[in-house]
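What follows is each chain in one-letter form.
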Amino acid sequence: MEDMERIYQDHAQTVYKFLFAQTRDADLAEELTQETFYQAVRSIGRFDGSCKMSVWLCQIAKHLWYQHLRRHRREVPAEEGVFEIPLPSAEEESLSNQGKMELLRRIHDLPDPTREVVYLRAFGGLSFREIGAVLGRSESWARVTFYRGKERLRGGLEHE
């Protein structure tokens, strides 16, 4: 049981950020995060180590999110993936609080796949390989999606 506590400490923030990017609801993201770890405890024997623990947990979280959507008769998002845009630290540091709020608003306004990739990369700290695995796509797809989203954000910020 001590091992599961360590896994929770190491990965709860990543799972929560992933779910928050999907749900845009802090309470629901927290609830689904707890359910994710409950399901992980129940099925830890099926974890074969073929992917990182964080990827496995985010896959569980994604399935729980889809179950939630089906139960509430909402449309399940397309599996095409979500775009993620990591912010270079120099840019991030130079932005004022107002600039950061504008950037977050712009990220939120990105198309669904792009927004998810940006959130996973910038706020979840996932690698492109992990993002691809979580979203059922390739590492290259995650890189291209992120790049396109970042260019879209840069273009929007430069024109203001």
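As shown above, the structure is provided for reference.
Residues numbered from 1 in each chain as written. Predicted model: local features only at pLDDT ≥ 70, side-chain atom pairs only at ≥ 80, totals over all residues. Heavy atoms only, no water.

1. Observations regarding the packing of aromatic side chains
Test applied: Only Phe, Tyr and Trp rings are paired, with Trp represented by its six-membered ring, and only when their centres lie within 6.5 Å; those with planes under 30 degrees apart are stacked, over 60 edge-to-face, the remainder tilted. Numbering of helices and strands runs from the N terminus, with a helix taken as a DSSP run of H or I at least four residues long and a strand as a DSSP run of E at least two residues long. For the exposure calls, accessible area comes from a 1.4 Å probe over protein chains only, and a residue counts as buried if that area is under 20% of its type's maximum, exposed if over 50%, partly exposed in between. Think of it as a cone above the ring: NZ of Lys or CZ of Arg counts as a charge over the ring if it is within 6 Å of the ring centre and within 35 degrees of the ring normal.
Here the structure, examined in full by the defined rule, presents four aromatic pairs. Ring geometry for Y8 versus F37: centroids 4.8 Å apart, planes at 70°, classification edge-to-face. Placement of Y8 in helix α1 (residues 2-23) and of F37 in helix α2 (residues 26-43) is noted, with a sequence separation of 29 residues between them. Relative accessible area serves as the criterion here: at 31%, Y8 is assigned to the partly exposed category. When the ring centre of F128 is taken as origin, the NZ or CZ atom of R121, which lies over that ring, is 4.0 Å away.

2. A short note on the pattern of salt bridges
Any two side chains of opposite charge can pair, so long as their charged atoms come close to each other. Where we set the bar: Any carboxyl oxygen of Asp or Glu that lies within 4 Å of a side-chain nitrogen of Lys or Arg is treated as forming a salt bridge with it.
Summed over the entire model, instances satisfying the criterion amount to seven salt bridges. E130 serves as the salt-bridge partner of K52, at 3.2 Å between the closest nitrogen and oxygen. Taken together, the residues span a long stretch of sequence, with K52 in the loop between α2 and α3 (53-71) and E130 in helix α7 (residues 128-135) at a distance of 78 residues. By relative accessible area, which is 9% here, E130 ends up buried. With a closest N to O distance of 2.5 Å, D112 and R115 form a salt bridge.

3. A few points about a negative patch on the surface
To be explicit about the condition: Patch rule: a residue counts if its relative accessible area is over 30% and it has no salt bridge; like charges are joined within 9 Å, and nonpolar side chains (Val, Leu, Ile, Met, Phe, Trp, Tyr) within 5 Å. Exposure was quantified through the Shrake-Rupley algorithm and a 1.4 Å probe, taking into account, for residues, occlusion by the shown protein chains and nothing else. When charges are counted, Lys and Arg contribute as positive and Asp and Glu as negative, whereas His and the chain ends are disregarded. Just so you know, the charge point we use is NZ for Lys, CZ for Arg, CG for Asp and CD for Glu.
Negative charge collects at one region of the surface, where D25, D27, E30, E31 and E35 lie side by side. Assignment of secondary structure puts E30 in helix α2.

4. Considerations on the nonpolar core
Across soluble globular proteins, nonpolar side chains show a tendency to be buried alongside one another. This is how the line gets drawn: To form a nonpolar core, buried Ala, Val, Leu, Ile, Met, Phe, Trp, Tyr and Cys residues must be joined to one another through side-chain atoms within 4.5 Å. Whether two residues touch is decided by their heavy atoms; if any such pair falls within 4.5 Å, the residues are in contact.
Counting 32 residues, the largest nonpolar core has L19, L57 and I131 as the members making the most contacts within it. The set of elements that each furnish at least two residues to this core consists of α1, α2, α3, α6 (112-122), α7 and α8 (139-158). Sorting elements by how many residues they give to this core places α3 first, with 11 residues. Those residues in contact with L57 that sit more than four places away from it in its chain are I7, H11, V15, T36, F37 and A40.

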